[in-house]
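# Fold and contact review
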Amino acid sequence: MKLEFTCSQCKIQNKFKPVTATRGELQMKIGDEVQVTCKYCNKEDKKHINRIDAVVDNRKILFALMISGVVAIVLLSFYGLIALAVISIPLLIWIQESKSTNHFNSYKIRRK
C-alpha cells in the first residue's frame, strides 16, 4: 500500500510519506493538516488527511509474481502440486494489499 494526494493545481497524483496502516495512526503522527509540495509543479499546499488516499502498490505484486514464477519453474520438475501452490502467493499478496487499502480509505477523520 502506498499513500497519494492529488495536487490542486495540476491534478496529478503525488506520493505521500510516511505510510501508516490506518488514517487514525496517520493523524497521530502528523495531525489533521499537513503541508505538501507537488513534485511536478512545486506548488505548496495544505491538505487535510482525508484528502490523502491509499492505493495498491503494484511493485510488490510484480516482485512477488517474478519470484514465485522462478520458484514454481524450479519446483515444477520435482513437486508439481507445490509449484502450483507457489503461483498463488502473488494473488494472496494482492488480496492483502486490497484489504489494507480499502480499510485505510474507508475510515475518515471528522473535521473540526
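Look above for the structure.
What counts and how
Residues numbered from 1 in each chain as written. Predicted model: local features only at pLDDT ≥ 70, side-chain atom pairs only at ≥ 80, totals over all residues. Heavy atoms only, no water. Helix = DSSP H or I, 4+ residues; strand = E, 2+ residues; numbered from the N terminus. Expected span 1.5 Å × (residues − 1). Buried < 20%, exposed > 50% of the residue type's maximum accessible area, 1.4 Å probe, protein only. Arc of directions from axis to C-beta. Salt bridge = Lys/Arg side-chain N within 4 Å of Asp/Glu carboxyl O.

Quick look at helix α4 (residues 89-106) now. Across its 18 residues, α4 extends 26 Å between first and last C-alpha, which sits within 8% of the 26 Å expected from 1.5 Å per residue. Listed in full, the buried residues belonging to α4 are P90, E97, S98, T101 and F104. Buried residues along α4 cover an arc of 130 degrees about the axis, so they all sit on one side. With respect to the buried face of α4, the exposed residues turned more than 90 degrees away are L92, Q96, K99, N102 and S106.

We now examine the pattern of salt bridges. Taken as a whole and judged by the stated rule, the model has four salt bridges. We note a salt bridge from D57 to R59, for which the minimum N-O separation is 3.3 Å. On the accessibility criterion, D57 (7% relative accessible area) is buried. A salt bridge links K60 to E97, with the shortest nitrogen-to-oxygen separation between them at 3.5 Å. Of the two residues, K60 is situated in helix α2 (residues 58-76) and E97 in helix α4; the sequence distance between them amounts to 37 residues.

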